[in-house]
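A closer look at the structure
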Amino acid sequence: MSNIILGTAGHIDHGKTTLIKALTGIDADRLSEEKKRGITIDLGFAHLSLPSGQEVSIVDVPGHERFVKNMVAGVGGIDMVLFIVAADEGVMPQTKEHLNILKILNIERGLTVLTKKDKSDDEWLELVIEDVREQIKGTFLEKSPIIPVSSITGEGIETLKAAIDEMCSKEILKDNQSPFRLPIDRIFTMSGIGTVVTGSLLYGTASIGDDVEIFPKGKRSRIRSIQSHGKTSNQAFGGQRIAFNLTDLKVEDMERGDVVAKPGTLIPVTKALAYFKLLDDAKGPLKNRERIRFHTGTKEIMARIAFLDRDKLLPGENAFVRLIFEETVACAYKDRYVVRSYSPITTIGGGQILYVNPRRIKKSIQKRAQQVLQNAYEGDLHEFIQGLLELFANEYLQISKIAPYTGKSTDQINAAVKTLVSQDRVKIFKIGEEDIVVDSNYYSRLTERAISIIENYHKNEPLSDGMAREELRSRIKMEPSLFDNLLNKWIDEDLFETSGSTVKRKGFEIKLNESQKGIFDKILKLYDEGGWSPPSINEVLSSFPTNREKDIKQMISMLTGDRKLIKLNEELYMTKEWVKQAKQLLRKHFETNRELTASDFRKMLGTTRKYAIPLLEHMDSIKLTKRQPNGVRHLSY
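Bear in mind that the values here come from a model prediction, so they are computed numbers and not experimental data. (Residues numbered from 1 in each chain as written. Predicted model: local features only at pLDDT ≥ 70, side-chain atom pairs only at ≥ 80, totals over all residues. Heavy atoms only, no water.)

1. As for the sheet that holds strand β2 (residues 44-49)
Within the open sheet, the six strands sit side by side as β2-β3-β1-β4-β5-β6. Their pairing is mixed. Bordering the open sheet on either side are β2 and β6 (146-148), each of which pairs with just one other strand. This sheet shows a mean twist of 25° between the axes of neighbouring strands, independent of strand direction. Both strand β5 (residues 109-115) and β6 contribute to a ladder of three bridges, which runs parallel. Residue Leu-114 lies in a different strand from β6, and its bridge partner there is Pro-148. Of the strands in this sheet, β1 (4-10), β2, β3 (55-60), β4 (80-86), β5 and β6 are in contact with helix α6 (residues 157-169), which crosses β5 at around 170°. (Pairing = 2+ DSSP bridges. Helix = DSSP H or I, 4+ residues; strand = E, 2+ residues; numbered from the N terminus. Axes fitted to C-alpha atoms, helices over the stretch in contact; angles between N-to-C directions. Contact = heavy atoms within 4.5 Å.)

Okay, structure coming up:
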């Protein structure tokens with residue numbers, strides 16, 4: 001059987017709490033002030049055992065207009081509702097407001113209950129039923145039965161229980177894959193136990209010993225014990241009314257509206273992009289950047305609502321909006337919310353959260369942003385991830401960093417990403433143990449930019465074998481770890497090839513004209529003639545006209561890239577053949593000697609320390625020789 005939470009809704013003094021007591025035997029009014037005044041002020045809780053054996057959690061809500069914020073906090077986690085109208089009074093203001101809230105929160109199951117049947121004659125009852133049917137027309141309650149009852153005489157109570165049982169018999173799918181999330185509606189201390197929080201567990205499974213985080217405050221704790229319906233349990237499941245005993249936290253560390261969840265599965269939110277609908281019966285238009293009361297889960301905060309494409313919204317219209325919160329809140333993709341006007345306080349609309357903490361939308365992409373928001377609103381995680389990467393976060397993100405925008409697990413994000421990869425909408429790169437998701441359009445733009453940069457480099461530097469990898473990375477503004485993965489993929493796609501620390505277009509070859517060939521050959525000849533006492537860069541440059549300095553340096557670089565020259569330091573190069581002969585002399589020396597001094601090496605080559613030391617250091621660098629602390633060399637192998 002599914003775990004089910006049943007809520008009440010309806011005008012003040014229409015008998016919600018009395019009905020709950022008639023159904024369960026439990027008085028849901030727990031505050032002394034409620035008992036004294038005879039009205040429900042805050043949320044009340046009970047549980048009902050049905051004839052089928054199904055256990056149902058019940059959340060009783062206040063009906064007074066001053067406590068509608070408490071009502072919204074209570075119905076945010078319910079699965080179905082008892083929509084209550086007193087038979088002796090009929091439909092009243094909060095009857096309508098509560099029905100609007102239920103529609104905004106997308107409650108899909110419910111029964112309409114006419115209470116106080118004992119105070120109404122049959123003729124009046126028929127009129128009330130007719131009025132109620134008119135009010136619920138076009139809503140989720142339209143086809144559900146209307147059940148008259150008397151909580152005083154007990155008439156109709158068993159019929160109502162049977163109807164609730166029938167409503168509960170239809171399976172309610174619960175999201176047990178998402179990380180658990182518990183919006184807090186009560187916080188208190190119990191002697192000998194400590195701090196306890198209660199709420200309706202929206203998703204997932206929580207267990208004793210689980211680490212938790214209190215969002216948006218960021219405080220950490222652990223679940224010491226779990227209770228549901230007064231019974232201790234090792235686990236809690238989505239769709240249950242739950243009490244968590246939390247370690248190392250005080251009552252003042254939390255407040256109603258905070259959320260208990262698995263660490264790192266949500267983020268503190270200061271703004272959001274959302275779908276919003278202004279109610280058909282709203283008193284007037286909603287102006288741009290108007291101050292509002294924002295409700296999500298069990299939280300109420302003040303906010304501003306800004307329209308993306310208009311100055312005001314008329315009753316019955318909908319739009320995508322930016323919500324700017326006056327304090328941080330915990331919410332995520334597809335969370336539903338209710339908006340009440342600042343003054344006079346009344347429910348005016350609501351909708352669904354789409355993107356939390358989004359990047360600013362530039363005017364140039366407003367039209368595209370509207371389409372992406374529409375896709376995310378109508379779609380699921382696939383469309384959300386696409387939009388997050390394309391417009392509202394970063395073009396590439398770690399999978400673990402996508403999850404908190406959604407309140408989902410990394411496994412759920414992984415599954416959605418795999419589908420996107422199969423549709424060529426995103427690319428995946430691995431950096432260490434972490435998967436990075438890259439928007440395919442962004443990848444294409446990066447690729448085109450990299451090609452353009454390299455091709456322009458070849459055009460402007462025709463004698464260079466390629467651009468430095470680091471320069472290319474810097475030009476496309478990519479972090480090193482991801483750039484290495486991108487470059488490897490481009491190499492696999494035959495776009496580029498690398499040599500040492502340089503990058504060039506696949507198949508690029510330096511082509512020298514006759515004049516350049518002459519210079520090339522002369523440079524090689526100078527170094528060849530220099531032997532173990534090669535010319536410095538400046539000496540080579542002095543052998544050519546001053547206007548050829550750039551060409552000379554590029555050709556020396558070419559000769560180094562082709563391994564015709566070996567670079568000893570910034571000023572000295574030597575031909576590969578002369579270095580090879582020096583290696584042979586070294587090996588011959590070590591056939592009869594265990595050590596080699598710098599002086600031995602200088603004499604062996606018939607050169608000076610200026611050339612012998614850099615060449616000897618090169619031998620160290622290629623591990624032919626190994627320098628000892630006393631300065632002598634041994635053969636490395």
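The structure having been displayed, the exposition proceeds.
2. With respect to unusual backbone geometry
Omega for the peptide link from Phe-215 to Pro-216 comes to 5°, which places this bond in the cis form. A cis geometry characterises the amide bond from Ser-343 onward to Pro-344, with omega recorded as -10°. Its place among the elements puts Pro-344 in the loop between β22 (336-341) and β23 (347-356). Unusually for a residue other than glycine, Asn-106 sits at a positive phi of about 60°. Within the secondary structure layout, Asn-106 lies in the loop between α4 (93-104) and β5.

3. Let's talk about the side chain of Ser-536
Tracing the backbone shows Ser-536 in the loop between α14 (514-530) and α15 (537-541). For Ser-536, the contacting residues outside a window of four places in its chain are Glu-571 and Leu-572.

4. Digging into the sheet that holds strand β29 (residues 502-505)
Taken in spatial order, the three strands make up an open sheet running β27-β29-β28, and their pairing is antiparallel. This sheet does not close on itself; its edge strands, each paired only once, are β27 (467-468) and β28 (496-499). With two bridges connecting them, β27 and β29 associate as antiparallel partners. Opposite Ala-468, over in β29, you have Thr-502 as the bridge partner. Seen against the sheet, helix α11 (residues 440-460) touches β27, β28 and β29 and runs at an angle of roughly 95° to β29. Against the sheet, helix α13 (residues 480-492) touches β28 and β29, its axis set at about 115° to β28.

5. Describing the pairing of strand β21 (residues 318-330)
Within a regular strand, side chains alternate between the sheet's two faces. Judged from the nine bridges that link them, strand β16 (residues 268-278) and β21 form a sheet pairing that is antiparallel. Looking at β21, one finds that Ala-272 is bridged to Leu-323. Alignment of strand β19 (residues 299-307) against β21, held across five bridges, turns out to be antiparallel. Pairing of Ala-303 across the sheet is with Phe-325, part of β21.

6. Let's talk about the nonpolar core
Counting residues in hydrophobic clusters, the biggest one holds 56 residues, and the most contacted among them are Leu-323 and Tyr-355. Apart from the residues lying within four places of it in its own chain, the contact partners of Leu-323 are Thr-270, Lys-271, Ala-272, Ala-274, Ile-292, Phe-294, Arg-304, Ile-305, Tyr-337 and Ile-353. Within the second largest apolar cluster, 33 residues are counted, among which are Val-68, Ile-101, Val-128 and Ile-146. (Core = buried A, V, L, I, M, F, W, Y, C linked by side-chain atoms within 4.5 Å. Buried < 20%, exposed > 50% of the residue type's maximum accessible area, 1.4 Å probe, protein only.)

7. Regarding α11
In a regular helix each residue adds 1.5 Å, so 21 residues correspond to 30 Å; α11 covers 30 Å between its end C-alpha atoms and thus fits that length. Listed as buried for α11 are Ser-440, Tyr-442, Tyr-443, Leu-446, Thr-447, Ala-450, Ile-451, Ile-453, Ile-454, Tyr-457 and His-458. Between a side-chain oxygen at the N-terminus of α11 and the backbone nitrogen of Asn-441 the separation is 3.3 Å; the capping residue is Asp-439. (Expected span 1.5 Å × (residues − 1). Polar contact = N/O pair within 3.5 Å; in protein donor to acceptor, adjacent residues only side chain to side chain.)

8. A few points about the side chain of Ser-464
With respect to the helices and strands, Ser-464 occurs in the loop between α11 and β27. Given the relative accessible area of 9%, Ser-464 is considered buried. Among all residues touching Ser-464, those that are not within four sequence positions of it are Tyr-457, His-458, Phe-508, Ile-510 and Gln-554.

9. A short note on the packing of helix α8 (residues 381-392) against helix α9 (residues 399-406)
The contact between α8 and α9 brings their axes to 11 Å, and the two run at 115°. Compared by their axis directions, α8 and α9 come out roughly perpendicular. Here the hand of the crossing between α8 and α9 comes out right-handed. Within the contact between the two elements, α8 uses Leu-381, Phe-384, Ile-385 and Leu-388 and α9 uses Ile-402, Tyr-405 and Thr-406. (Parallel < 35°, antiparallel > 145°, perpendicular 65-115°, else oblique. Left-handed = near helix turned anticlockwise from the far one by under 90°.)

10. Some details on the packing of helix α18 (residues 598-605) against helix α19 (residues 609-621)
Axis separation between α18 and α19 bottoms out at 9 Å; the angle between their running directions is 115°. If you check the angle between α18 and α19, you find them roughly perpendicular. Pair α18 / α19 crosses with right-handed handedness. Taking contact as the criterion, the partners of Ala-598, Phe-601, Arg-602 and Leu-605 in α18 are, on α19, Arg-609, Ala-612, Ile-613, Leu-615 and Leu-616. The class makeup of the residues in the contact of α18 with α19 is seven nonpolar, no polar and two charged. (Nonpolar A, V, L, I, M, F, W, Y, C, P; charged D, E, K, R; others polar.)

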